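Now for the letters of each chain:
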Amino acid sequence: MTDHSYVRTEMLPEKAPPASEVGVIGWIRENLFSGWFNSILTILSLAFIYYILSALIPWTFQSVWNAGSLDECREIMRETWGETHGHACWAVINDRWLQLLYGFYPPYPAYPDATVADAPAEAWLPAYFRPNLTLILLFVALAPVLFGHLPRHLLIVSAIYPFLMPWLLWGGSVWVPVTIAFGFVILFGVIKYGQAVMGTLAAIIAAVGAALVWWLVLSGPVADGLYAVMPVGLPTVESREFGGFMLAVLLGVVAIGLSLPIGIVLALGRQSDLFIIKSLCVGFIETIRGVPLITLLFVASVLLNYFLPPGTDFDIIVRVMIMVTIFASAYNAEVIRGGLAALPKGQYEGADSLGLNYWQAQRLIIMPQALKISIPGIVSTFIGVFKDTTLVSIIGLLDPIGLSQGIRANQEWNGIYWELFAFIALLFFIFCFGMSRYSMWLERKLQTGHR
Amino acid sequence: MKKSVILGALTVAGLSAGAAAAATLDDIKARGKLNCGVTTGLVGFAAPDANGEWQGFDVGVCRAVAAAVLGDPSAVEFVPTTGKTRFTALASGEIDMLARNTTWTLSRDVDLKNEFVGVNYYDGQGFMVPKGLGVSSAKELNGATVCIQTGTTTELNLADYFRANDMEYEPVPIETNAEAQQQYLAGACDVYTTDASGLAATRATFESPGDHVILPEIISKEPLGPLVRHGDQEWGDIVRWTLNALIAAEEFGLTSANVEELASNGTDKPEVNRILGVEGTLGEMLGLESDWAVNAIAAGGNYGELFEKHIGENTPVGLARGLNAQWQDGGLMYAPPFR
């Protein structure tokens, strides 16, 4: 027998891959040090990150939280760390965070002079109950719109919310929002039951006419009359007292909520074959989009004042809301038009061949696809609008940025700078990041694998 | 809220602008509140405190007028205005008076159709430099980099001053006072220039105020005062004489502590009695109650008390009276006779 013992007769067991190719080390080798150039880049980046964090982390965490003024802050820093450089004075946030969140909104509207520290004994609701409840209800109202798997009857809250929100925030007679809401009931009632009698177009015209008569002529006296019989209402809060992050959220939510439907209508109008509608929409979009938002805000705050007769009570916040909304609408219209343009012609023809009319085709076939395509653009517009609300500080409304100036104008906090901006940035980041994550979730959910 | 929008739109159609300009006093009385325009925040002059209460030297003027007109120094709606919105807010009737450290100039008085009713603070533009620069006079600033707020009269004054003295400078344009502080401390400019009161307030916030000096030269006149719009002289008179009452009260030793008592007992000086409403009918002439001046003085004190409380030498702002002293003490505060 020849000796063939050098030939293996059994398979060797599989060896574990070398430590340098798997696990943490493998990942690092592959992703961070895969060549001399990448290695240099990695080291430079790490050095840069270390440089930033080594200043930022001590500044953020080795900080003073309890002090009455910037001088006290500096005193404490000197005692604790021997120097004042590189330590944050968060005491200003500790002192003024309620103001940055709510502006001058009274914590207990029924007792306008009461403060949080000095709560009236009779007040049984917690401080800032009304704005807080408005915010919580906002999420309840948004939930069924944003998440399709929630029970559908939650949509009732969404329908009521636009009337509830102004009443909760501004207060006053409950009958004002009720009568205004009743105008919409008239509008839809006449359309629904009038269609059979006088045809669609006539019913719509009659409904709009009836609703306008109700809102302009009847609703005021009716609301007053009902209030005289049944005085249900909340203590009134003036627009001047709105401020802080609450104002930013209020402006942002209204602009976002209204600009999407208006934007859809404008985008459809721009694609319309009807000459007048098309020209109106193009004119509106191009004019509003061609003007900086700050110009529109100046129109709202300054120019309108010249045109309106002196003493006219046209609420400044409502004026700003209108301007921000039309600005966002114009941008949204173009984003949605992009979505419409991206749809293949076959989709329109398919809808036609099914015998759907214009609105059915839009509702069932065109819009769901066009909006899905436009999600990143729409959310991007929303985030932009939300951040743009800080521009109102230039026309003297006290949003967080405006308030930071007011806070610095107190001698005790004069000279403080980064801490206020860091706090405001954090607030905005939470909201904008939330919107961004939701849009990514929605895109994944609606992903139907066409591309 | 929505109702007022609709009403507003309807009134546009129904009324022509300017029809309701007069009778500001009646509007205020009907409203029960004085709408007073203030700055969005300037140390010592106007700022909201932690409870949202406005405090400051200009705010004190608003409160005095509210007390004179309505008898209640807290019956004021403070409307924050920016440098860009202040005059339109006044012209449109959004505010009844503006007390926003506004410099009295001819064009603002005449062309913008305002009526400056007096001066509550004589300011002027100054320079602040770090001590290490070794400069003791503005004349030595040739070639300096200067932090300057854009779009203000200070920018023009600076150019005039350097040209008149045949010097060069490099401007570092800056939007707000807070930003200017940061830039100046970071060494982006050698010199910071703005109103002297602003420089003092800014320096007070520095970690080591002693390392910075405010140069002695004051290069401009900045008389700051409250103003009302054209078209209602009666209302302008009320604001003017409320301010004068505060100034006269200091001259005659009427303070927030003693004014009530003196008003009930009367004094042996006829002019003081006229101010207090004990003699004569000055209040009636203005269309106010006879104790209007008593209320105005009791609201926050006389001119000197307001000054000491908000911007005087014992406050962090630490301004000396200087030009703002009474005329007997060599200042410019000089109230016309109450007769």
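Residues numbered from 1 in each chain as written. Chains lettered and ligands numbered in written order. Predicted model: local features only at pLDDT ≥ 70, side-chain atom pairs only at ≥ 80, totals over all residues.

Caption draft 1: Structural detail: the overall build of chain B. Along its length, chain B carries 14 helices and 13 strands. Taken against the 2.2 N^0.38 rule, which gives 20 Å for 339 residues, the C-alpha radius of gyration of chain B at 22 Å falls within 12% of a compact globule. The principal-axis extent of the C-alpha atoms belonging to chain B is close to 60 × 60 × 40 Å. Restricting to contacts in chain B with at least 6 residues of sequence separation, those with at least 24 account for 72%. (Helix = DSSP H or I, 4+ residues; strand = E, 2+ residues; numbered from the N terminus. Rg over C-alpha atoms; globule rule 2.2 N^0.38 Å. Contact = placed C-beta atoms within 7 Å.)

Caption draft 2: Local environment of the overall build of chain A. The number of helices and strands found in chain A is 16 helices and two strands. Taken over the C-alpha trace, chain A has a radius of gyration of 30 Å; the compact-globule value for 451 residues is 22 Å, which it surpasses by more than 25%. With respect to the principal axes defined by its C-alpha atoms, chain A has extents near 110 × 75 × 45 Å. Taking all 451 residues of chain A together, 31% fall into the buried category. (Buried ≥ 20, exposed ≤ 12 C-beta atoms within 10 Å, placed from the backbone.)

Caption draft 3: Spatial organisation of the sheet that holds strand E8 (residues 125–130) of chain B. Residue and element names in this part refer to chain B. Taken in spatial order, the five strands line up as E10-E9-E11-E8-E12 in an open sheet, and their pairing is mixed. Of all the strands in the sheet, the pair left with one neighbour each is strand E10 (169–174) and strand E12 (212–214). Recorded for the sheet is a direction-independent mean angle of 30 degrees between the axes of neighbouring strands. Pairing of strand E9 (residues 144–149) with strand E11 (residues 191–195) involves two bridges; the strand directions are parallel. Counterpart to Val146 in the pairing with E11 is Val191. Along the sheet, helix H6 (residues 153–164) makes contact with E8, E9, E10 and E11, crossing E9 at roughly 155 degrees. (Pairing = 2+ DSSP bridges. Axes fitted to C-alpha atoms, helices over the stretch in contact; angles between N-to-C directions.)

Caption draft 4: Structural detail: the domain arrangement of chain A. Residues and elements named next belong to chain A. Splitting chain A by domain gives domain 1 (23–95), domain 2 (97–171 + 241–446) and domain 3 (175–231). Taking only C-alpha atoms, the centre of domain 1 and the centre of domain 2 are 35 Å apart. Taken together, the contact pairs nine residues of domain 1 with nine residues of domain 2. Considering each element in turn, the side of domain 1 that touches domain 2 owes the most residues, three residues, to helix H4 (residues 91–102). Looking at side-chain class alone, the side of domain 1 that touches domain 2 contains six nonpolar, three polar and no charged residues. (Domains from an automatic or database assignment. Nonpolar A, V, L, I, M, F, W, Y, C, P; charged D, E, K, R; others polar.)

Caption draft 5: Region of interest: the pairing of strand E13 (residues 222–229) of chain B. Residue and element names in this part refer to chain B. Burial runs high along E13: seven of the eight residues are buried. Looking at chain direction, strand E6 (residues 114–116) and E13 are connected through three bridges and run antiparallel. By the bridge assignment for E13, Phe116 is matched with Leu227. Relative to E13, strand E7 (residues 121–123) runs antiparallel, the two sharing three bridges. Across the sheet, the residue bridging to Tyr121 is Leu224, located in E13.

Caption draft 6: Highlighting helix H11 (residues 293–307) of chain A. Helix length check: H11(A), at 15 residues, gives a terminal C-alpha distance of 20 Å against a target of 21 Å (1.5 Å per residue), a fit within 8%. By the burial criterion, the buried members of H11(A) are Leu296(A), Leu297(A), Ala300(A), Ser301(A), Leu304(A) and Asn305(A). Residues of H11(A) that are buried in the fold lie against helix H12 (316–342) of chain A together with helix H4 (86–91) of chain B. (Expected span 1.5 Å × (residues − 1).)

Caption draft 7: Focus on the packing of helix H3 (residues 57–70) of chain B against helix H13 (residues 292–300) of chain B. Residues and elements named next belong to chain B. One can describe the packing of H3 onto H13 by two numbers: an axis separation of 7 Å at closest approach and a directional angle of 145 degrees. The handedness of the crossing between H3 and H13 comes out as right-handed. Of H13, the residues touching H3 (which contributes Gly60, Arg63, Ala64, Ala67 and Ala68) are Trp292, Ala293, Asn295, Ala296, Ala298, Ala299 and Gly300. Partitioned by chemical class, the residues of the contact of H3 with H13 number eight nonpolar, three polar and one charged. (Left-handed = near helix turned anticlockwise from the far one by under 90°.)

Caption draft 8: Looking closely at helix H9 (residues 244–270) of chain A. With 27 residues, H9(A) should cover 39 Å at 1.5 Å per step; its first-to-last C-alpha distance of 37 Å lies within 8% of that length. The largest bend in H9(A) is about 30 degrees, located at Ser259(A), with the proline Pro261(A) one to four residues further on. (Bend = angle between axes of the 7 residues up to and from the residue.)

Caption draft 9: Just the nonpolar core, in detail. Core analysis: the biggest nonpolar cluster contains 99 residues, and Cys36(B), Cys62(B), Val65(B), Ala68(B), Val191(B), Ala296(B) and Ile297(B) have the highest contact counts within it. Top element by residues in this core is H3(B). It accounts for 11 residues. The residues touching Val65(B), leaving out its near neighbours within four places in the chain, are Leu34(B), Met97(B), Val239(B) and Thr242(B). Among the nonpolar cores identified, the runner-up in size contains 79 residues, and Met77(A), Leu101(A), Ala248(A) and Leu403(A) belong to it. (Core = buried A, V, L, I, M, F, W, Y, C linked by C-beta atoms within 7 Å.)

Caption draft 10: How the structure looks around the environment of Arg408(A). Structurally, Arg408(A) can be placed in helix H15 (residues 400–408). Other than its neighbours up to four places away in sequence, Arg408(A) contacts Trp413(A), Asn414(A), Ile416(A), Gly41(B) and Ala178(B).

Caption draft 11: Local environment of unusual backbone geometry. At Tyr128(A), a position not held by glycine, the phi torsion is positive, near 55 degrees. Residue position: Tyr128(A) is located in the loop between H4 and helix H5 (129–146). Accessibility expressed as a C-beta count within 10 Å gives 19 for Tyr128(A), which makes it partly exposed. In the Ramachandran plot, Asn101(B) falls in the positive-phi region, its phi being about 25 degrees despite a non-glycine side chain. Its location among the elements puts Asn101(B) in strand E5 (residues 97–103).

Caption draft 12: Structural context of the environment of Ile28(A). All names here are of chain A. Following the sequence through the fold, Ile28 ends up in helix H1 (residues 23–31). When the 13 C-beta atoms within 10 Å are taken as the criterion, Ile28 is described as partly exposed. Taking the C-alpha atoms as reference points, Ile28 and Gly396, 368 residues apart in sequence, are found 52 Å from one another.

Caption draft 13: Expanded view of the environment of Ala300(A). Residues and elements named next belong to chain A. Examined against the element boundaries, Ala300 turns out to sit in helix H11. Sequence-wise, Ala300 and Ile378 are 78 residues apart; in three dimensions their C-alpha atoms are separated by 25 Å. Sequence-distant contacts of Ala300, defined by excluding residues within four places in its chain, comprise Arg319, Val320 and Met323.

Caption draft 14: Seen up close, the pairing of E5(B). All names here are of chain B. Along E5, six of the seven residues are buried, which leaves the element largely enclosed by surrounding structure. Sheet topology note: the strand E1 (residues 34–39)/E5 ladder contains two bridges and is parallel. In the sheet register, Gly37 faces E5, and the bridge partner there is Leu98. With three bridges joining them, E5 and E13 adopt antiparallel strand pairing. By the bridge assignment for E13, Leu98 is matched with Leu227.

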